[in-house]
Structures are given as C-alpha cells and as structure tokens.
Amino acid sequence: MGSIQRSITVHGRHYKVPEGPVVVVCIDGFDPTYLSAGCEDGITPNMASFIESGFHTTATCAMPSLTNPNNMSIITGAPTAAHGVSGNYYLDKKTGQEHMVLDDASTIGTTILEQLAGAGVRVAAITAKDKLRRIINRGLFADQGAICFSAQCAGECTMAEAGIEDVEAWLGRGAPPQYSGDLSLFVLDAGIKLLQEGRADLYYLTLSDYIQHKHAPRSAEADWFMCEVDKRLGELIRLGAVVAVTGDHGMSDKADPEGNPNVLFLEDAIHAKWPEAGARVICPITDPFVKHHGALGGFVRVHLLNDNDTAKVAEMVSYCRTLPEVEAAYTGREAAALFEMPVDREGDLVVIASKNAVIGGRKDEHDLTALKGHRLRSHGGLSEQAIPLLRSRPLQSKNRDAATDRAWRNFDVFDVALNY
C-alpha cells in the first residue's frame, strides 16, 4: 500500500487505514425482509454466517430514504446536512429551476473514499448506475491509482478517467441492460476480479434496486437475485477480504388490494385548495431510471412559488396531515432539523407517505404505463428507513460493549468495516 498514514478523518469521524483488503457493499433497496427470507429459506448462507459469527444489526438510513442521499451518506459517514445531497432531484430556490443530480456539483466537502485515496490507499469504487458513479467519484483520480467506473457504461471506460479500460473484455462479458438484476451482479463480479488481481485495498461496490422494485421477497426473481449476490459475497470472503454490507434504503409495497398504485397527487390536491399559492411538488426520487417506479416515492418537497407566508404553510401542513396517504408532514425547517437535512435546500413543506402509499406531483406528470403487470414497490419515506448492517467478521472484543447500545445507521458501515 505504501502509506505511513494510519488513519483519516471525515466530518469529525476517524477511520483506520485498512491493513488488508476491505470491501463495503451497498445492496440498493436492501429491505430487511429480503435478508430474513433468504436466511430462513437457506438462500443466503454467507449472509447467514455474518449473522451467526460476524456482526449484524438493523440500522436506519438517512432521510429521505433514496439512493443518492444515502450513497453519499455512506461514503461520508454523515447525514445529508453534512454533504448536501438530499435527493435525486431538486428545485433551486435561487433560480426557480429544477435539476436532476447527475454529478458531484451539489456536494459539500470530502468523502471517506477521497481521503483514503489521498492517504495512499488504492480505492476501487464500482456502481451499477453511471449517474451514481459521477456523484461518488469525487476526488478519485486515476493518475493517483484510483479505479472508478459503472456497470452501465463499462464499455466506455478509459484509463485516464476510470483507472481501467476494456472492462467488458477484461471481465469476459458485456455490460448488462440497465433494467436488470444482472447489472448489480456485474458490479460484484468486477470487484471480485479486481480483488483476485490485487489491484485495490478498499472497495466500494454499490448495486441497483431494479429487482427489489419489481419483486417482493420470496418471489422466484428475488430469491435468484439474493442467492447470486450471496454467492459473490462468499467469494470476496474466500479471497481474504473483510466484507461489510448495508443498503441505501428499504422497499415497501405501494399498491391497493386490486394491484393499482396507491397514489396521492399532492400538487393537484394543494392547487385545488390554494390555487393562488403556486405550489410545486418536487419528487426527489426522480432520476434517469424511473421506468420501475414512475417517479413515485414516499417523500416530497412542496415549494410555494407565489405565496409562502408562515400562516399559509402551517395551514397546508395541517391539511396534509389529514390525508389518508400521509404519515407525516412538516415545515421545511422542521423536517431539516428532525432528519438532519440541509435547510437551504428544503421546500416550504415536507410531506411523507404512509407505508402503503406514494406521493406524486400532478397526475399528468407521472407515466405509470411501465408498471402494468407489477405491483408498485417504492421507497423514500420513514417506512423504508430500516436496512441491515452486516460484517463478515466479529467485532473486536473491546468494541462489543460499545456496539450493544448504539443506534446504528447505514452510514456507520465504513466505521464497522475499518474500525471494529
């Protein structure tokens, strides 16, 4: 490794430089029910061994329970207020323009990956989706030995940008379709091959939630996927790595008994009562991969473009709390304080769906045709905060008592992987 630095510090937390290979895996949409079903049914024996002889707890993710915020929280070890990425999609309050988060331009500060790379650790970060690769590659430079690429765009990697090239030929298979479970398996296979070749010391492998959006635990498709993921975790362990696993968010069924999406179109509802307020509902789950969820999730921000006086905001919050699809509603400032989110990027209101519902903006904005034949499964709210946190090896004895009473978060995974 060639580094004499023993630890790095990010957002006030210290992380030891790894002495051997360490792999952190983020299983996108890793609801605890997938783990419990897999272990009970004998489908995930390697993760079962983590529970039996390593470390396991149920942690909570950062809010909103979405991909971009939580991947950034995982690689910074902090809630979204620290790094500034609090959604996949947002409205810029200064310009009034709406933006999709496709790179690290809106990120504040540094990451664990960047600081470890700067300390001489050979870092490899592989994502399923390329939009996430462009967010997490902050400070990872190929000319300093870092490797960072996505399965989605594996065929386009260059040595100058990604630290690796000809990935498809190197791995022996082409990049899978973006809407497939195989996209995630490609990530794990690439990580395994890099480990076999000894090309990195610290690995961050982050997957896609395509399967979890489409298939419930114990379905044939979910069983196949979890089994294949588990096999690859076992191979990483066989190759000598310490493996830590968590998720970015959980997943809930959001359909009614007839199988139709249970949706509240909140912008339509608010406009009907307060047409003069110019309410704009932002769905931060929106990203380039909307086919499997129709940009419908459990968390929305409401911006009042014409009239945001305090009395009206309070009245709207009270109204939203009466709606059957709503679990909680807050002013933007209340939500930012409660969930440790950046207050300057909040709406005037934050509205969170109940476990079996999703919230959209206007009905004419959401294309649900791709959901035909499948029950809507989505995330974003409080109901999807619970996710597993696992490590392949037991905690060091001096750390076990401290771990017992700790309120674990998914963004503690690098702490678990490197310090315990």
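Data block above holds the structure.
Below you will find a few notes about this structure. (Residues numbered from 1 in each chain as written. Predicted model: local features only at pLDDT ≥ 70, side-chain atom pairs only at ≥ 80, totals over all residues. Heavy atoms only, no water.)

So, the overall build of the protein chain
Assigned secondary structure in the protein chain consists of 16 helices and 19 strands. Its C-alpha atoms give the protein chain a radius of gyration of 21 Å, within 12% of the compact-globule value 22 Å for 420 residues. Overall, the C-alpha framework of the protein chain stretches about 65 × 45 × 45 Å when taken along its three principal axes. Put simply, the protein chain has 420 residues, and 60% of those count as buried. Considering only residue pairs separated by 6 or more positions, the protein chain has 73% of its internal contacts joining residues 24 or more positions apart. Of the roughly 15,800 Å² of accessible surface on the protein chain, 48% is carried by carbon and sulfur atoms. The positive charge centre, built from 40 side chains, and the negative charge centre, built from 54, are 3 Å apart in the protein chain. (Helix = DSSP H or I, 4+ residues; strand = E, 2+ residues; numbered from the N terminus. Rg over C-alpha atoms; globule rule 2.2 N^0.38 Å. Buried < 20%, exposed > 50% of the residue type's maximum accessible area, 1.4 Å probe, protein only. Contact = heavy atoms within 4.5 Å. Areas by Shrake-Rupley, 256 points an atom, 1.4 Å probe, with all protein chains shown as cover. Lys, Arg positive; Asp, Glu negative; His and termini not counted. Charge placed at Lys NZ, Arg CZ, Asp CG, Glu CD.)

Quick notes on the packing of helix H2 (residues 45-53) against helix H11 (residues 220-238)
When two helices pack together, their arrangement is given by the angle between their axes and by how far apart the axes lie. One way to put it is that H2 packs onto H11 with a least axis distance of 7 Å and a crossing angle of 60°. Here H2 is positioned oblique relative to H11, judged by the angle of their axes. Counted together, Pro45, Asn46, Met47 and Phe50 of H2 and Met226, Asp230, Lys231, Leu233, Gly234 and Ile237 of H11 form the full contact between these two elements. Across the contact of H2 with H11, the residue classes break down as six nonpolar, two polar and two charged. (Axes fitted to C-alpha atoms, helices over the stretch in contact; angles between N-to-C directions. Parallel < 35°, antiparallel > 145°, perpendicular 65-115°, else oblique. Nonpolar A, V, L, I, M, F, W, Y, C, P; charged D, E, K, R; others polar.)

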